[in-house]
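Fold and geometry: a report
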Amino acid sequence: MKTDNAGRKCSTGNEADIIIGNKRNHKPGKRKLRKFGKHMYIALGTFLMAIAYKSVYDSAGMVTGGFSGISIIIRNVTGKMLFFNAAGGAWENAMGGMWQDGIPIWITNMALNIPLYFAAYRVYGKKFVMSTVEGTLLLSLFLAVLPSAHVGDTDYLLAAVFGGLAAGTGIGMILRAGVTTGGTDLLAVIIHHYIGRYSVVQIMQLLDACIIILGIFVFGINISLYGIIAIYITAIVSKRVVEGKQRASQVIIISDMHRQIASRIMQELQRGVTYIEGQGVYSEKEKKLILCVVSIKQLPEIRKIALETDPGSFLFIGDVCEVLGEGFVQN
């Protein structure tokens, strides 16, 4: 804020822009709806993950890495621990009572995550930790309340496919919401802070590989091989969910008849076209490159337009994971 020659207060241009921007973006109802949608994504995502871990993987004895894999191993091992009751003269379950089937996986999941929260708080602060708390708490809650399902010896393939679909969808939804559920993801981030020469992905892969190997010793190689199938399906599905359904193709066309090709694209496909200034290295001639993003269905049509107009045109096509904007998805 500044004053003019008459002493009146007036706003600078930048302040006016800020005020106008605030008015334009001041939509509390829309922000609340987005926030609600984010929480719904987290809730549904953790619910699907819990179905995979508790009702499928745990019941089948299938370890797919992560803290869930450790929890499944601990539940199985503690459920088989015995001690000799001298008074009764017989071997009895060491856990007994409500934990006679082993330590519940939700308890192990929480117990493993709590120290990570303190470590992450010291390293990255409160804001970083809060981004994982909701997901971890909801996942542990669903792991506690969901029932286990009996999976027969011949149903491991079904368990791998269904568990991979459920876990992949859940993980994808969690990532789209911009949060995590802690676990080996959080542990890898903390380790990376102290050992920077290894990437977070490399550390995660090493941790998960160790957990899977441990699962082989507990459940055997046969089930673990099905677990690898589940991991692969989970990776494919989660990637697809994160990328979204609006997949498209980016097409770049190099042609001396760029005006005619661009005109046909706009008229026949109703797609926008952008020129990129370029120069041939060998010919040293100035060229205009045509850049256009089209849906998968329109890919054969734009290829046909280019080659019909100029059989000597040069095209290269690349996948686009997600498109936001006019003609696709409005953000």
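Located above this text is the structure these notes cover.
We now turn to the structure provided with this report. (Residues numbered from 1 in each chain as written. Predicted model: local features only at pLDDT ≥ 70, side-chain atom pairs only at ≥ 80, totals over all residues. Heavy atoms only, no water.)

1. A closer look at the nonpolar core
- Of all hydrophobic cores here, the largest spans 33 residues; its most connected members are Tyr53, Tyr57 and Met62.
- Taken together, the elements giving at least two residues each to this core come down to α2 (28-60), α3 (66-79), α5 (126-145), α6 (156-176), α8 (200-219) and α9 (221-243).
- Ranked by the residues each element gives to this core, the list is headed by α2, at 10 residues.
- Other than its neighbours up to four places away in sequence, Tyr53 contacts Asp58, Ser68, Ile72, Ile105, Leu139, Leu143 and Ile171.
- Within the second largest apolar cluster, 13 residues are counted, among which are Ile261, Leu269, Ile290 and Leu299. (Core = buried A, V, L, I, M, F, W, Y, C linked by side-chain atoms within 4.5 Å. Buried < 20%, exposed > 50% of the residue type's maximum accessible area, 1.4 Å probe, protein only. Helix = DSSP H or I, 4+ residues; strand = E, 2+ residues; numbered from the N terminus. Contact = heavy atoms within 4.5 Å.)

2. Some words on the side chain of Thr181
- Within the fold, Thr181 resides in the loop between α6 and α7 (183-194).
- The exposure class assigned to Thr181 is buried, which follows from its relative accessible area of 13%.
- Once you skip the residues sitting within four places of it in the chain, Thr181 turns out to touch Thr46, Met49, Asn113, Gly135, Thr136, Leu139 and Ile174.

3. Brief notes about a nonpolar patch on the surface
- A contiguous nonpolar surface patch, about 300 Å² in accessible area, is contributed by Leu157, Val161, Leu165 and Ile229.
- For Ile229, the location among the structural elements is in helix α9.
- Residue class for Ile229 comes out partly exposed when judged on its relative accessible area of 33%. (Patch = residues over 30% accessible without salt bridge, like charges linked within 9 Å, V, L, I, M, F, W, Y side chains within 5 Å. Areas by Shrake-Rupley, 256 points an atom, 1.4 Å probe, with all protein chains shown as cover. Salt bridge = Lys/Arg side-chain N within 4 Å of Asp/Glu carboxyl O.)

4. Side note on the packing of aromatic side chains
- For the structure on display, the rule yields four aromatic pairs.
- The interplanar angle of 35 degrees and the centroid separation of 5.9 Å between the aromatic rings of Tyr156 and Tyr226 together place this pair among those described as tilted. Separated by 70 residues along the polypeptide, Tyr156 in helix α6 and Tyr226 in helix α9 bring together distant segments of the chain.
- Owing to a relative accessible area of 11%, Tyr156 belongs among the buried residues under this scheme.
- Given a relative accessible area of 26%, Tyr226 falls into the partly exposed group.
- An angle of 55 degrees between the planes, with centres 6.0 Å apart, marks the rings of Phe314 and Phe316 as tilted.
- One Lys or Arg, Lys288, reaches over the ring of Tyr275 and ends 5.4 Å from the middle of that ring. (Phe/Tyr/Trp six-rings, centres within 6.5 Å; stacked < 30°, edge-to-face > 60°. Lys NZ or Arg CZ within 6 Å of the ring centre and 35° of its normal.)

5. What about the sheet that holds strand β7 (residues 286-295)?
- In spatial order, the strands read β6-β7-β5-β8; together these four strands make up an open sheet with antiparallel pairing. If you trace the sheet from one side to the other, it starts and ends with β6 (274-279) and β8 (314-320), each paired once. In this sheet, neighbouring strand axes are inclined to one another by 25 degrees on average, regardless of whether the strands run parallel or antiparallel.
- Of the pairings in the sheet, the one linking strand β5 (residues 248-254) to β8 comprises seven bridges and is antiparallel in character. The partner of Ser249 across the bridge, within β8, is Asp319.
- Helix α10 (residues 258-269) rests against β5, β6 and β7 of the sheet, and its axis sits at about 15 degrees to β7. (Pairing = 2+ DSSP bridges. Axes fitted to C-alpha atoms, helices over the stretch in contact; angles between N-to-C directions.)

Note that every value here comes from positions in space, so none of it alone points to a role or purpose.
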